[in-house]
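# Structural description and commentary
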Amino acid sequence: MSQTVNPAILVENLSFSYPNSERKALHEVGFEIQSGEFIGVTGPAGAGKSTLILCLNGIIPHFQSGTFQGKVLINGRDTFETPCAEISRLVGSVFQDPEAQIVAPSVEDEIAFGLENFGFEPADIEQRIQEALSLIGISHLRYRSTTELSGGQKQRVAIAAAVALRPQILVLDEPTSELDPIGTREVFDVLRKLNTDYHLTIVVVEQKLNVMLEYINRLLILNQGKTVCDLPPRRILEEPELLTGIGLKVPPVSELAYRLRKSGKYRPELPLTVEEAYCGIVQSLKNMRNNHD
Amino acid sequence: MSAVANYLPRNTWIHRLNPLTKMLWSIILMTLSFLYRDPIILAVLFLSIALVAYMAGILKEMLPAFKGLLIFAGIFLLFQIFFITEGKVLFYVIPGTKILPITDEGIFGSLAMGARLMVIAASFPVLLGTTQVKDLVIMLVEKIKIPYTYAFMFITSLRFVPTFMQEMEQIVQAQCSRGHRLENRNLIRKFFSLCPLAIPLMITSVKKAEQLAISMETRGFGLGSRTYLHQIQFRAIDWGISLGMLGMVALSVYLNLQGIFQ
Ligand SMILES: Nc1ncnc2c1ncn2[C@@H]1O[C@H](COP(=O)(O)OP(=O)(O)OP(=O)(O)O)[C@@H](O)[C@H]1O
Ligand SMILES: [Mg+2]
C-alpha cells in the first residue's frame, strides 16, 4: 500500500459531450486539486464551466447522459463507479439557478432536506441548521417562505443547505450571479472562512474576477471546453493576454499597474486589490523621486 | 397563489390537531354527505364546517371561498333541476306548455345535490387553512406509508406554482414587447394567442424540473431511511376527536339503515 495522500480532486483527460451535440462541452481537461485548496474557475459563456462542476459532483455521468471519457477521482474514488448519493456525502453543490435548486417551502425545511435524507437525528438536524444559518449570516431568514426570498437570499440559502451537510469539498457554480458587489464579497468572505477555518476544499465558478482573484489559490481558465491555463492569480496577471485573448476582463487595478509597469513606472509585484495597488503606487512614486534626486 | 389553499397561521387548538385527525374529519364529512339527502341535514353539516372555521379563527378568510362555492352550487342546482322529471309536477317553466317541468322531486333532489357539493368542497379550504401541507404530507408518508417520492412530487408542484406564474408573466411580457398582441381579443382568440407562449413555458419548466432533480440528487435524495426534523404527534385529543367522529358516523349509518334519518 502506498502512503501517499490522495488529492481531493483528480481529473484526468476528461472529455464530455452532451447528446445531440457534436461539439465537446469538455475536451481533454486535466488538473489536480489538493485537500484544502481554494480554486476558481472562469471562462466565457459556453466554455464548459457548469459541465465541469457537474462532473465533480457525479451528476455526470450518473444523471446527465452523454459521452464521458477520462477519469474523475474524488478522494481517490472514481466517480464513474461511485453512486451519486455516495459522492454527495463528500461533495456539496451549489448551482447556477437559485430558483430551481430550492426544493422546500420554507428556509428551515430547505436546510433540513439533505440532513433528513441522510437520516440524521432531529436534534442533530436542529443544531446543524442553526450552525449553517449563522455561518452564512442568514439566521433571520430561518422561518421565511422560500418563494418570497430575493435571488441573492436564495443563493445564500442554497449555500447554507450545502454547508449544513458538512462536505469535505464544496463546488459552486456562479453562486453570486444575483448578488451586488457587496453581497458578492460577503459570500466570498464566507467561502474563505469555510476554507481556512473548516479546511474545506472549494471549487467556485465565477465571472467577477476582480473579486475572486483576491480569494483563490489558483485560477482555472476554460475556453470552448479546453483548459487555457491553471495558474495562481498573480501569475495570470503577469500574462493578461490569457484573459483578454478569450474576451475576459483583467481587474482594473491590475491592468493599471500592468500598464504603468510597461512604461517603467511600476516595479513591485502586480496588485490584486486596491490596497495593494495603493501601496505599490506610493512606493513607485517614492522611488521615482529618489531617482530624480 | 389562490388564497383558497393557503395556510393561515393561528394559534388555536384546531391548528394544533394532528393533520390526520383533520383529514379524517374531511373524509367523514364527505361520507355523511353521501349518506343523507335531506337538504336540512346537509345544511347542518355545512354549518358545522363554518363553525369549525370560526373556532379556528379563519372564518373571515373562508367567506370568499364559501361564497364562490355557493354560486357554483347554485348554477349546478339550476342545471340539475331540469333533469329530474320524476315526482309530482309543480309547474312548467314556460306556462301553458308542457316544456321543462319542475317537479317536487326535482327541487328536493337538486337542492340535496347542491348542498352535498358544498359540504364536500367546503371542508378542504378549512383543512388546508389550518394545516401546513408539508405536515400533512409527512403524516401521509409516516403513518399511511405513501412513498416519499410521490408525496415530495406533490409538495414540489405546490411550491412551483408561484414560480411558473412568474415565468409565464415574463414570457408574456417578452412576447408582447416583440409585438405579440394579447389584449382586446375575445376569449377564444385570446386562448389561441396564448398558445405560442406555452412552448417556451414548457421548455423552461422541463429545465427547471431537471435542475431541481439534480439539486435533490446532490443532497442525498432517495438514500433510503429518512428522518424528519419535525415529528408530529398523535396526541390524546386526536384520539378522542377521531374516535368520537367515528362513533358518530357509526351511529348515523345505523340510524340511516333503520330509516330514522334519511
Ligand atoms: N443539457 C445540455 N444539452 C446539450 N448541450 C448542452 C447542455 N448543457 C450545456 N450544453 C452545451 O455545452 C457547452 C458548455 O456549456 P456549459 O453550461 O458547461 O457552459 P458554461 O461555461 O457554464 O456557460 P455559462 O457561462 O453560460 O454558464 C455549451 O456549448 C452548451 O451549449
Ligand atoms: Mg454555467
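Each chain carries its own residue numbering, running from 1 in the direction its sequence is written. Think of it this way: whatever chain is written first is A, whatever ligand is written first is 1, and the rest follow in order. Reporting of local features is limited, given that this is a predicted model, to residues whose pLDDT is at least 70; pairs of side-chain atoms are given and counted only at 80 or more, and all residues count toward the totals for whole chains, interfaces and linings. Only hydrogens and water are set aside when side-chain values are computed; all heavy atoms of the structure are taken into account.

### Details of the coordination of the magnesium ion (ligand 2)
Tetrahedral coordination by four donors places them ideally at 109.5 degrees to one another around the metal; octahedral coordination by six donors ideally gives 90 or 180 degrees. All names here are of chain A. Counted as coordinating are nitrogen, oxygen and sulfur atoms within 2.8 Å of the metal, or 3.2 Å for Na, K and Ca, while water is not included, which may make sites look incomplete. The protein atoms that coordinate the magnesium ion (ligand 2) are Ser 50 (OG) and Gln 96 (OE1), at distances of 1.9 to 2.5 Å. Of this pair, Ser 50 sits in helix H1 (residues 49–56) while Gln 96 sits in the loop between strand E6 (91–94) and helix H4 (107–117), placing them 46 residues apart in sequence. Exposure categories follow from relative accessible area, calculated using a 1.4 Å probe and restricted to protein chains: below 20% of the type maximum is buried, above 50% is exposed, and the middle band is partly exposed. Look at Gln 96 and you get partly exposed, because its relative accessible area is 35%. Segments assigned H or I by DSSP are reported as helices when at least four residues long, segments assigned E as strands when at least two residues long, and all are numbered from the N terminus.

### Some details on the pattern of salt bridges
Pairing is possible between side chains of opposite charge, provided their charged atoms come close. All names here are of chain A. A pairing counts as a salt bridge when a side-chain nitrogen of Lys or Arg comes within 4 Å of a carboxyl oxygen of Asp or Glu. If you walk through the whole model with that rule in mind, you get 19 salt bridges over all chains. One salt bridge in this structure joins Arg 185 and Glu 214, with 3.0 Å as the shortest N-O distance. Placement of Arg 185 in helix H7 (residues 181–197) and of Glu 214 in the loop between helix H8 (209–212) and strand E9 (218–223) is noted, with a sequence separation of 29 residues between them. On the basis of relative accessibility, which here comes to 32%, the residue Arg 185 falls in the partly exposed class. Among the charged side chains, a salt-bridge network with shared partners connects Glu 37, Arg 218 and Asp 230.

### Quick look at the domain arrangement of chain B
Partitioning chain B into structural domains gives domain 1 (1–145 + 233–262) and domain 2 (161–220). Domain delimitation follows an automatic or database domain assignment. Centre-to-centre separation of domain 1 of chain B and domain 2 of chain B, based on C-alpha positions: 35 Å.

### Section: the sheet that holds E6(A)
All names here are of chain A. Each pair of strands is called paired provided DSSP finds at least two bridges between the two strands. Taken together, six strands build an open sheet; the order of strands is E6-E7-E8-E3-E9-E10 and the sheet is mixed. Of all strands in the sheet, those with a lone pairing partner are E6 and strand E10 (226–231), marking the two edges. Between one strand axis and the next, the sheet turns through 15° on average, direction left out of account. Summarising the sheet, strand E7 (residues 169–173) and strand E8 (residues 201–205) pair through five bridges and their orientation is parallel. Throughout, an axis means a line fitted to C-alpha atoms (over the contacting stretch in the case of helices), and angles, computed between N-to-C directions, take values from 0 to 180 degrees.

### Observations regarding the site of ligand 1
All names here are of chain A. The local shell around ligand 1 holds 14 residues, among which Gly 46, Gly 48, Lys 49, Ser 50 and Thr 51 are the closest. Pairing of N or O atoms within 3.5 Å defines a polar contact, subject to two protein rules: one partner must be a possible hydrogen donor and the other a possible acceptor, and residues neighboring in sequence count only if both atoms are side-chain atoms. The contact in question runs from an oxygen atom of ligand 1 to an N or O atom on the backbone of Ala 47, over 3.1 Å. Within the complex, 64% of the 630 Å² of free accessible area of ligand 1 lies under protein. Under the grouping applied here, Gly and all other residues not named as nonpolar or charged are polar, the nonpolar ones being Ala, Val, Leu, Ile, Met, Phe, Trp, Tyr, Cys and Pro and the charged ones Asp, Glu, Lys and Arg. Broken down by class, the residue content of the shell around ligand 1 amounts to five nonpolar, six polar and three charged. Residues are counted as near a molecule or strand when any one of their heavy atoms sits within 4 Å of it. Note that accessible areas follow from Shrake-Rupley with a 1.4 Å probe, and for residues the cover is restricted to the protein chains shown.

### Describing the layout of surface pockets
All names here are of chain B. As defined here, a cavity is a set of points on a 1 Å grid over the protein atoms alone where a 1.4 Å probe fits but cannot get out. A pocket is an open set with protein on both sides within 12 Å along at least five of seven lines, and residues line them when an atom is within 4 Å of a point. Grid points are joined across faces, edges and corners, and a volume is the space filled by probe spheres set on the points. In this model, the second largest pocket occupies a volume close to 540 Å³. What lines the second largest pocket is a set of 24 residues, and nearest its centre among them are Trp 25, Leu 29, Ser 48, Met 245 and Met 248. Going through the elements one at a time, helix H1 (13–16), helix H2 (19–35), helix H3 (39–55), helix H5 (104–130) and helix H9 (236–258) are the ones with two or more residues in the lining of the second largest pocket. A breakdown of the residues in the lining of the second largest pocket according to their chemical character gives 19 nonpolar, four polar and one charged.

### Digging into empty space enclosed by the protein
Using the criterion set out here, one finds three cavities of 30 Å³ or more in the structure. Of the pockets and cavities examined, the largest cavity occupies roughly 210 Å³. What lines the largest cavity is a set of 16 residues, and nearest its centre among them are A:Asp109, A:Glu116, B:Lys134, B:Tyr148 and B:Ile155. Looking at the lining of the largest cavity, the elements with two or more residues in it are H4 of chain A together with helix H6 (133–142) and helix H7 (148–177) of chain B. Of the pockets and cavities examined, the second largest cavity occupies roughly 60 Å³.

### Notes on the interface of chain B and chain A
Note on definitions: a residue-residue contact is assigned when non-hydrogen atoms from the two residues lie within 4.5 Å. Facing 28 residues of chain B, the contacting portion of chain A comprises 39 residues. Buried surface at the junction of chain B and chain A, both sides included, amounts to about 3000 Å², of which 61% is carbon and sulfur. The interface formed by chain B and chain A includes three salt bridges. With a shortest N-O distance of 3.0 Å, B:Arg226 and A:Glu116 are connected by a salt bridge. Where the side of chain B that touches chain A is concerned, the elements lending two or more residues are H7 and helix H8 (187–217) of chain B. It is H8(B) that provides the largest number of residues to the side of chain B that touches chain A, a total of nine residues. The class makeup of the residues in the side of chain B that touches chain A is twelve nonpolar, nine polar and seven charged. Here the quantity called buried area is the accessible surface, traced with a 1.4 Å probe, that two parts lose on coming together, added over both.

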